[in-house]
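A structural walkthrough
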Number of protein chains: 2
Amino acid sequence: MSSGFRTFNPTQNTWNAEEYLRTPDIQLNQQLKLLPTAQDSYRRLSGLKRADFLHAIHRLLQKRMEIIKDFYLKESGLSESRFETEWKRTLDTIILFEQYLRSQLSFEKKEDLPVDSVQMRKVALPIGPILVLGSSNFPLAYSTVGGDTVAAFAAGCCVIVKAHPMHAGTSSLVAACIEEARTALNLPEGLFTHVLDDGIELAQQLCLDERIQGVGFTGSFKGGKALMDLAQARKNPIPVFAEMGSVNPVLVLQDLSIDQQQHAAKKLAFSIGNDAGQFCTKPGVIFIPKGEMGSSFLTMLTKAFSEISPVPMLHPRIHENFEKRRIEIVSVKGVQKHTYQGALNGIEGRSTLAETEISIFLQSQSMHEEVFGPFSLIVRYENSEELRAGIQALSGQLTGSIFFGNHSEQVDEWIHLLANKVGRIILNDVPTGVRVLETMHHGGPFPASSDARFTAVGPDSMLRFQKYVTIQQQNIT
Amino acid sequence: MSSGFRTFNPTQNTWNAEEYLRTPDIQLNQQLKLLPTAQDSYRRLSGLKRADFLHAIHRLLQKRMEIIKDFYLKESGLSESRFETEWKRTLDTIILFEQYLRSQLSFEKKEDLPVDSVQMRKVALPIGPILVLGSSNFPLAYSTVGGDTVAAFAAGCCVIVKAHPMHAGTSSLVAACIEEARTALNLPEGLFTHVLDDGIELAQQLCLDERIQGVGFTGSFKGGKALMDLAQARKNPIPVFAEMGSVNPVLVLQDLSIDQQQHAAKKLAFSIGNDAGQFCTKPGVIFIPKGEMGSSFLTMLTKAFSEISPVPMLHPRIHENFEKRRIEIVSVKGVQKHTYQGALNGIEGRSTLAETEISIFLQSQSMHEEVFGPFSLIVRYENSEELRAGIQALSGQLTGSIFFGNHSEQVDEWIHLLANKVGRIILNDVPTGVRVLETMHHGGPFPASSDARFTAVGPDSMLRFQKYVTIQQQNIT
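Our subject in this report is the structure included herewith. (Residues numbered from 1 in each chain as written. Chains lettered and ligands numbered in written order. Predicted model: local features only at pLDDT ≥ 70, side-chain atom pairs only at ≥ 80, totals over all residues.)

Examining the relation of the copies chain A and chain B
In screw terms, the move from chain A to chain B is a rotation of 180° and a rise of 0.0 Å along the axis, fitting with an RMSD of 0.0 Å. Taken together, these values place the two copies in the relation of a two-fold axis. The C-alpha atom lying nearest the rotation axis in chain A is that of A:Gln232; the distance is 3.8 Å. When the interface residues of chain A are mapped onto chain B, 100% of them again lie at the interface, so the same face is used by both copies. (Least-squares fit on C-alpha atoms with pLDDT ≥ 70 in both. Contact = placed C-beta atoms within 7 Å.)

What follows is the structure in structure tokens.
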């Protein structure tokens, strides 16, 4: 039915040589049949054994770094230094969960003192096999052995990863490390499954499979919402944790000093343009005051932004979508544009700052939605009322940032307002550069994510994949 | 449109005098308009202020106990001693949350040590206004000021309660206490709303209202699933925590001594028949061995059960449903029945134990579903394989119980098996009598509840109504 597919090399603007085949049904079904037994057996393993598994994966990844890096670079077009950063982050996440399991915090049992001779324990258990659908923009950290997979393994869940087709090679290499670690430790067959598909059929089929008990997804609103609906339509609905992107509003307040403006402009320009702006936390809407201060700040921002050279985007399809969305917004009447004017000779994203005012922003739903790429929309505001209206018009967001000076008595009010809208508030800094810490909340009110109660990053991300059972014992003496 | 409705007095088998009107749209809309401001203002109150609110509600309830009791008795037909138990439980829950808030555990902020001069805090925030739909069988503890409402208030959420129409009077009295406490403490108007409706229209309308951000429901599968579907179909889907009942399987193992059998039989008989078996945790399916031991145990159970006098059920509608379901099951070929043979002269539930074997149980989906009332289905098993098959045929359950003797080496295996199916495992005791403790998990895999990750009872039930925000601060020195 499905013939082979290839990945794309953005740097060379060519298709890579390797051909990948959609996982045949017969092979997938064999793996699915193993799931119930594998899940039952893996669930019973201690936290320490799960930690050993993560440790073994970590070691194998380190051994294979060079070959994984080769594929990463040729399948993403991202830079070597970006690879280093993402690689370190991915490995650090594995270690974080390993340490968490070794400290046995995650298997904490609460025990009340006996109440009239009854003892009660509350135990965390895995919810069952998890389907993980990785992102296009993080071939490692949000993909095959990214936060979803590692959190699910730590929670005691079997995992089925459907590789992102844009980096099928990288994904296959990483999957081989996981599978080898499993075999080396003699863990149950079926604990991990890796499947390939360049369409959406396999993901849909797996989301509907009664053996799957949860989904982790990072990607577009359209994809995430479709999975949420499928999961809800099952006979036994299952939770979907979908992280679906955001415009990450930035509030620039009036009272920034010249130094503070310079600092903010440089930070923001880099955050918008770095790696072609292909981050879910890229600042996509920036509220800047009207008047002299705002105009001077905008000049600084535009200048800093023009110094960031365009780089290839991840894939021709992503480039095409970016151009479509970029042009859609700069074509609106009342929008000015500051666009990179140099020549482009491949799928580089044409860096663009668009500028408009609140009244136009409020009327355009399309401006409230993410433009994935090196683009940000500057929205000029006259006063606090206008700024407030702009923020309130937004739907749920992953992050919101505030740049303020030394006289911003009102900053607490803006924090309160953003707290209703976002999952993370950043003061005097940019939203990109998500840290993997216990205090990180990466998620946000719908549609930024499917469930504002959970984070996709940090040890708490295990809570997405855990349920509880109380064991109540009557002590008969 | 809707004319007035009345509540029913099960003890006297008559309709009560008071007439209640569906809350008019104009009045509801006025309250809904207040919600955003009320929510914003209540969210900002400290945990201590919320504790004061709960404390004030508690005091007013105590002051009004007599009149509330009058309505409770005449609207439910439940006994005075049952009132005492439920009253104490309701008040204890309020105090538990008050103490929890005073200890500020719930507003714990995790703080990492500064990482390269960045400070991070993770703060719990309310998800927003919660719609609470109370149960028919707990006019206090799972209703107007039951676990859902109190947890939502503690989490910082505004609450809209739609009273259960079967106890509209009790609910209105309790609601008046909440509203008075709010006024006395000068808390925002709109923080609490109480509405009446004897149909499903208001609940549906509120579940779809964009201002509502979550739902707490206790009731039937049909009702809970309908709300889940509505909530998911919204432009902005919201979480529904629905607790939808269960058959609460009980495993009686072969090796019980005669004394242990006597003990188990008495406990089970009471648990099935008490208050006409109208509990979500009532043991509805009991697996008993074939052979001599099982038959002797069944004789004890039947005898103990026959000593529990039938009492009126909550409402003619509930009685009618009970009779329908009861007859549906005892009419299946291969089912024997042990039915209360005395005269009944009102809406008493005809106490019934039905008996069948695994092969028939496995074929009848209807036997796997709750019969709400004084009924339990005994399923006789030949060996471990049959028992295992019986358990595996069940869908998600609130509880599972095991009665075992001193030689049950296999009990760990049964615990493991139940852990996949249930939210609470009870060893040598019955599932009724849910304790409000930190170690309590009251919930279970779908369809016992909508989300196995959350509990409806105990301080952790706040987690249903809380989201998180990280505040990240760049320390510029």
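Structural notes on the interface of chain A and chain B
Facing the 46 residues of chain A at the interface are 46 residues of chain B. Mapped by element, the contributors of at least two residues to the side of chain A that touches chain B are β3 (110-111), β4 (118-126), α8 (221-233), α14 (411-419), β16 (422-427) and β17 (466-474) of chain A. The biggest single contributor to the side of chain A that touches chain B is β17(A), with 9 residues. Across the side of chain A that touches chain B, the residue classes tally to 20 nonpolar, 13 polar and 13 charged. Pairing of β17(A) with strand β16 (residues 422-427) of chain B, which is carried by 4 bridges, proceeds in the parallel orientation. Paired with A:Gln473 across the two strands is B:Leu427, which belongs to β16(B). (Helix = DSSP H or I, 4+ residues; strand = E, 2+ residues; numbered from the N terminus. Nonpolar A, V, L, I, M, F, W, Y, C, P; charged D, E, K, R; others polar. Pairing = 2+ DSSP bridges.)

Topic: the packing of helix α7 (residues 201-208) of chain A against α8(A)
Residue and element names in this part refer to chain A. Taken N-terminus to C-terminus, the directions of α7 and α8 make an angle of 35°; their axes are 9 Å apart at the nearest point. Seen from above, α7 lies across α8 with right-handed handedness. From α7, Gln-204, Cys-207 and Leu-208 reach across to α8, where they touch Leu-227, Leu-230 and Ala-231. Considered class by class, the residues forming the contact of α7 with α8 number 5 nonpolar, 1 polar and no charged. (Axes fitted to C-alpha atoms, helices over the stretch in contact; angles between N-to-C directions. Left-handed = near helix turned anticlockwise from the far one by under 90°.)

Points about the sheet that holds strand β7 (residues 192-195) of chain A
All names here are of chain A. If you walk across this open sheet you meet the 5 strands as β7-β6-β5-β8-β9, and the pairing is parallel. Of all the strands in the sheet, the pair left with one neighbour each is β7 and β9 (240-243). Strand-to-strand twist of the sheet, defined as the mean angle between neighbouring strand axes without regard to direction, takes the value 15°. Across 4 bridges, strand β5 (residues 130-133) lies against strand β6 (residues 159-162) in parallel orientation. Residue pairing across strands places Leu-133 opposite Lys-162, the latter belonging to β6.

Description of the pairing of strand β15 (residues 397-403) of chain B
All names here are of chain B. Of all 7 residues in β15, 7 are buried, a share of seventy percent or more. As judged from the 3 bridges shared by strand β10 (residues 250-252) and β15, these two strands associate in the parallel manner. The residue of β15 that forms the bridge with Val-252 is Phe-403. With 5 bridges joining them, β15 and β16 adopt parallel strand pairing. (Buried ≥ 20, exposed ≤ 12 C-beta atoms within 10 Å, placed from the backbone.)

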